[in-house]
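# Observations on the model geometry
Now for the letters of each chain:
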Amino acid sequence: MGIRGWCFALPLCSNSAMPKTSRAVVQTGPRQLEMRELPIPDVTDETALLRVEACGICGSDAEQYTGVLPVRMPVIPGHEPLGIIERIGDRAAKRWKVNVGDRVAVESLIPCGHCRDCRSGSYQLCRGRGGLFGHGYVPLSRAPGLWGAYADYMHLDANSIVHPIRADVPASIAVMYNPLGAGFRWAVEIPNTRPGDSVLILGPGQRGLASVIAARAAGAGAIMVTGLTRDAGKLALAREFGADHIIDVEQEDVGARVREATGGRGADVVVEVSANATEPVAESLRYVAPGGTVVLAGVKGFKAVPEFISDLVVVKEITIKGAFGVTARSYEQAIALIESGRVPLAKMHTHDFGLDQADLAIRTLAGEADGPASIHSCLIP
Ligand SMILES: [Zn+2]
Ligand SMILES: [Zn+2]
């Protein structure tokens, strides 16, 4: 077994400065985060060590933080990692086609590779390793512990999935591979959005904006985005990213605006990415065109949806699809878009936080902290 990036004798070897421990933010319970120093594991022939450059944060981080999303604790959160391969086993380097010094985006889910879902190509559904098995979710008790990206270093499992990404893109932009990947999967891949299709996006947060960017890149026709009055800044950004119509749900009749923009038909595709509110789920059935598709991706804290009129699904032959994860194909489209520099993504990035500010970062994202609202934020160790 040879370990690349690990040398034994050279006096100038950069790895001689390799620290033995890593800072890591550990969640021990709801709203309980603490900084710990944890040992950095050795790599095997099939694993690697990532030096974390940035970790994106999203609504799931807030749900994990408050305890709405059930996660085994103690755990190191952080499921949107970007970093540099610090050490890698020979076999992992060959299989992943990356080497020491390469920058990679890491998928959150670590599939088992042999369950029925993995075998049929739906690896994003894999629960073959017990529950939600992925970076940011595997508990500290499972060796080697450094599974999450709220840390200086993160362990990469033999089945972790990495995507190379160019090193000259600023880390806070490169780490947008995650929300943008979600945009491509939720607004294009899952509903099979074709050129000319009208797309209505409910919610102008980072996933909503990413959906605008992806739908525009896919050649969609009319793109419409809804938000609250206080979302004016995000809606203006949506327009800049390619939305044709922005709709303030507190001031305007959404149904009328959608009909007006679609020749009375309704939207071919509706993407529901609002946080917590259940009304947009029920209303999406009114806005979608007959035969159209509604993609539900905004999580609601496991609440029931009042006023959900199933007859609308029947008489309009609506297809409703759930979207939770992102797949390799959508990540690759997102990375290509980031590397192209075609979209002014920096306008969506609002906050960089240090690792010691993880608590503030999540509360800012959730709108609980003072100061400017977050659109896209990340932790920079
Ligand atoms: Zn996320
Ligand atoms: Zn599996």
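So, a few notes on the structure that sits alongside this text. Model, not experiment: these values are computed from the prediction. (Residues numbered from 1 in each chain as written. Chains lettered and ligands numbered in written order. Predicted model: local features only at pLDDT ≥ 70, side-chain atom pairs only at ≥ 80, totals over all residues. Heavy atoms only, no water.)

Turning our attention to the environment of Val-270. With respect to the helices and strands, the residue Val-270 is situated in strand S12 (residues 267–272). As for Val-270 and Thr-327, which are separated by 57 residues in sequence, their C-alpha atoms are 20 Å apart. Ignoring anything within four residues of it in the chain, the contact list for Val-270 reads Leu-200, Leu-202, Ser-284, Tyr-287, Val-288, Thr-293, Val-294 and Val-295. (Helix = DSSP H or I, 4+ residues; strand = E, 2+ residues; numbered from the N terminus. Contact = heavy atoms within 4.5 Å.)

Each protein donor to the zinc ion (ligand 1) is listed here as Cys-58 (SG), His-79 (NE2) and Glu-80 (OE); together their distances run 2.0 to 2.2 Å. If you list the donors of the zinc ion (ligand 1) from N- to C-terminus, the spacing comes out as C-x20-H-E. On the criterion of sequence distance, the pair formed by Cys-58 in the loop between strand S4 (48–57) and helix H1 (59–66) and Glu-80 in the loop between H1 and strand S5 (81–89) is long-range, its members being 22 residues apart. Glu-80 shares its class with Cys-58; the two are buried. (Donors = N, O, S within 2.8 Å, 3.2 Å for Na, K, Ca; no water. Buried < 20%, exposed > 50% of the residue type's maximum accessible area, 1.4 Å probe, protein only.)

Within the secondary structure, Val-175 is located in the loop between helix H4 (171–174) and helix H5 (177–189). Separated by 118 residues in the primary sequence, Val-175 and Ile-57 place their C-alpha atoms 9.6 Å from one another. Not counting the four nearest positions on each side in its chain, Val-175 is found in contact with Ala-54, Cys-55, Gly-56, Glu-80, Leu-82, His-376 and Cys-378.

Moving on: the coordination of the zinc ion (ligand 2). Note on metal geometry: ideal angles are 109.5 degrees for four donors arranged tetrahedrally and 90 or 180 degrees for six donors arranged octahedrally. For the zinc ion (ligand 2), the protein coordination sphere consists of Cys-112 (SG), Cys-115 (SG), Cys-118 (SG) and Cys-126 (SG), at 2.3 to 2.4 Å. Classification of the site at the zinc ion (ligand 2) rests on its four donor atoms, whose angles at the metal span 104 to 117 degrees, yielding the label tetrahedral. Donor residues for the zinc ion (ligand 2), ordered by position in the chain, follow C-x2-C-x2-C-x7-C. (Tetrahedral: all angles 85-135°; square planar, octahedral: opposite > 155°, others 65-115°.)

As a further point, take the packing of aromatic side chains. As enumerated under the stated definition, the model contains two aromatic pairs in all. With centroids separated by 5.6 Å and ring planes inclined at 55 degrees, the aromatic side chains of Tyr-177 and Tyr-331 adopt a geometry described as tilted. With Tyr-177 in helix H5 and Tyr-331 in helix H11 (residues 328–340), this pair connects stretches of sequence that are 154 residues apart. A residue is classified by how much of its surface remains accessible, and Tyr-177, at 0% relative accessible area, is buried. On the basis of relative accessible area, Tyr-331 is assigned to the buried category, the value being 4%. (Phe/Tyr/Trp six-rings, centres within 6.5 Å; stacked < 30°, edge-to-face > 60°.)

Below, the discussion takes up the pattern of salt bridges. Inspection of the entire model under this criterion finds 17 salt bridges. Residue Arg-51 is joined to Glu-86 by a salt bridge in which the shortest nitrogen-to-oxygen separation is 3.2 Å. Pair noted here: Arg-51 is in strand S4 and Glu-86 is in strand S5, with a separation of 35 residues, a long-range link. Looking at Arg-51, the relative accessible area reads 34%, which means it is partly exposed. Here Asp-168 ties to Arg-166 by a salt bridge, and the two come within 2.9 Å at their closest N and O atoms. (Salt bridge = Lys/Arg side-chain N within 4 Å of Asp/Glu carboxyl O.)

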